[in-house]
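Next come the chains, spelled out residue by residue.
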Amino acid sequence: MRGRGPVLCAAATALLLAGCTDGGQEDGHGGEDGRGTPVTTASASGSASPGASAAAENEPFTLAEAVAPRTRAEAAAFVRGLAVQPEYFGTGFRRRDPYELGPTTWAVLGDDCLWRREPVPATVPASLTRSFVRPAAGGKGAVYVSVTVTVHSSTLQARRDMASSLEEPLRCPRQRLNATDTVEDMSSRGDPYTEQRTATSDDDLTEYGQYVVDGESKPRRFDWYKHRLGPVTVAATVRHAAGETDQEHTAVTQAALRGVGFVTANVDRYGRTRTSATPSGPAGSPAGSPAASASGSPSGPPSGSPSVEPKGAGDD
């Protein structure tokens, strides 16, 4: 697709900036308007913005396997307690109905290249998808974003999941999302932190292509991002609006990547909080409890001017 290189470069820059923001400035499922530097409040544990921690030490965001949720109950509490807010992806976004899918099911790409929701395997304690929409307005179509946080039983299992996701476009360059939408011409790339591309995860991958709605002749842009932090993966899909210019598409892509950076920052903060806490968890809460999970998330909405990640999860 023409013009794709500049878009990806801009998106990568936006993601890097999301991970390197310092001193209390950060996006987060809690906050940024897509037009300026986002600002978030401190977490319940009193920590500064997530961007100031790992990136300031020239380390990627991560989650140590030793402090990651292990049981299904702990993992479910973690994915439900992790902050993911509409404002992370720019102005005008709101929760979509259905808003949440999971945590005991996830989306799987079948041999027929159709996405279906199936029970999570034994190697996945929990997976939760949240969906958002920026409604159509001003002659422009709606933008759909979904975010999936998946807890794997180990870092090795999470790495295997990343490898499997990277191969999916080769196996299925054309994928059916739901009853009306198909993505096609899919391409993918992966980047480990050692290649110095990302400061917001241990490694990440990107897929892009276009999606076609039945009955419409003109395809729209489709982006998919997936990031791994130890045994946890954070994935996001973006279905761009009809009627937008290339510049507007690029702005949406940048805002979505900043939003992903907010979520990975919250995962990183959760791990750092657990690492520094007593064995019983913050404030006496059992490790993995909702209270422990919340301590790693922003305490309020941001101030300022929505596999495995299921590409089809949350779609009608």
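First things first, this report covers the structure right here in the doc. (Residues numbered from 1 in each chain as written. Predicted model: local features only at pLDDT ≥ 70, side-chain atom pairs only at ≥ 80, totals over all residues. Heavy atoms only, no water.)

Side note on helix α4 (residues 246-276)
Threshold: For the purposes of this entry, the term helix denotes a DSSP run of H or I that reaches at least four residues, the term strand denotes a run of E that reaches at least two, and both are numbered from the N terminus. One fewer than the residue count of a helix, multiplied by 1.5 Å, yields its expected span. Under the scheme applied here, a residue whose accessible area is under 20% of the maximum for its type counts as buried, over 50% as exposed, and between as partly exposed, the area being computed with a 1.4 Å probe on protein chains only.
Between its first and last C-alpha atoms α4 spans 45 Å; for 31 residues at 1.5 Å apiece the expected length is 45 Å, and the two agree. Among the 31 residues that make up α4, 23 are buried, leaving the element largely enclosed by the rest of the structure.

A look at the pairing of strand β8 (residues 203-213)
Note the following rule: Whether two strands pair comes down to DSSP finding at least two bridges between them.
Where burial is concerned, most of β8 is hidden: 11 out of the 11 residues are buried. Summarising the sheet, β8 and strand β9 (residues 220-229) pair through 9 bridges and their orientation is antiparallel. For Gln210, the partnering residue across the bridge sits in β9 and is Arg221.

Remarks on helix α3 (residues 155-171)
Helix length check: α3 (17 residues) gives 24 Å between terminal C-alpha atoms against 24 Å at 1.5 Å per residue, within 8%. Here α3 has its buried residues at Thr155, Ala158, Asp161, Met162, Ser165, Glu168 and Pro169.

Considering the nonpolar core
Defined as follows: Buried residues of nine kinds, namely Ala, Val, Leu, Ile, Met, Phe, Trp, Tyr and Cys, make up a nonpolar core once their side-chain atoms join them within 4.5 Å. Residues are treated as being in contact if the distance between any of their heavy atoms lies within 4.5 Å.
Counting 38 residues, the largest nonpolar core has Leu63, Phe78, Val147, Val149, Val232, Val234 and Val267 as its most contacted members. Breaking this core down by element, the ones donating at least two residues are α2 (72-81), β4 (126-134), β5 (143-151), β9, β10 (232-239) and α4. Apart from residues lying up to four places away in sequence, Val234 is in contact with Val147, Thr148, Val149, Tyr225, Lys226, His227, Leu229, Val260, Val263, Thr264 and Val267. Counting residues in each nonpolar core, the second largest holds 15 residues, with Ala107, Leu109, Met162 and Met186 among its members.

Regarding the packing of aromatic side chains
Counted only if it meets this: Each Phe, Tyr or Trp ring (for Trp, its six-membered ring) is paired with any other whose centre lies within 6.5 Å, and the angle between the two planes then decides the class: stacked below 30 degrees, edge-to-face above 60, tilted in between.
Enumeration according to the criterion identifies 6 aromatic pairs in this entry. Aromatic side chains Tyr88 and Phe262 sit 5.0 Å apart centroid to centroid with 65° between the ring planes, which places their arrangement in the edge-to-face category. Here the residue Tyr88 occupies a position in the loop between α2 and β1 (94-101), and Phe262 occupies one in helix α4, the gap between them amounting to 174 residues. Residue class for Tyr88 comes out buried when judged on its relative accessible area of 0%. Take Phe262: its relative accessible area is 0%, and that puts it in the buried class. Between Phe89 and Phe132, the ring centres sit 5.5 Å apart and the planes meet at 40°, which makes this aromatic pair tilted. Taken together, the positions of Phe89 in the loop between α2 and β1 and Phe132 in strand β4 put the pair 43 residues apart, joining distant regions of the chain.

Remarks on the state of the cysteines
Here is the rule: Cysteine sulfur atoms that pair up within 2.5 Å are treated as a disulfide.
Scanning the model with the defined rule gives 1 disulfide in all. Each sulfur of the disulfide joining Cys113 and Cys172 lies 2.0 Å from the other. As the torsion about the S-S bond is roughly -80°, the Cys113-Cys172 disulfide counts as left-handed. Taken together, the positions of Cys113 in the loop between β2 (105-109) and β3 (115-119) and Cys172 in the loop between α3 and β6 (175-176) put the pair 59 residues apart, joining distant regions of the chain. Grouping residues by exposure puts Cys113 and Cys172 together as buried.

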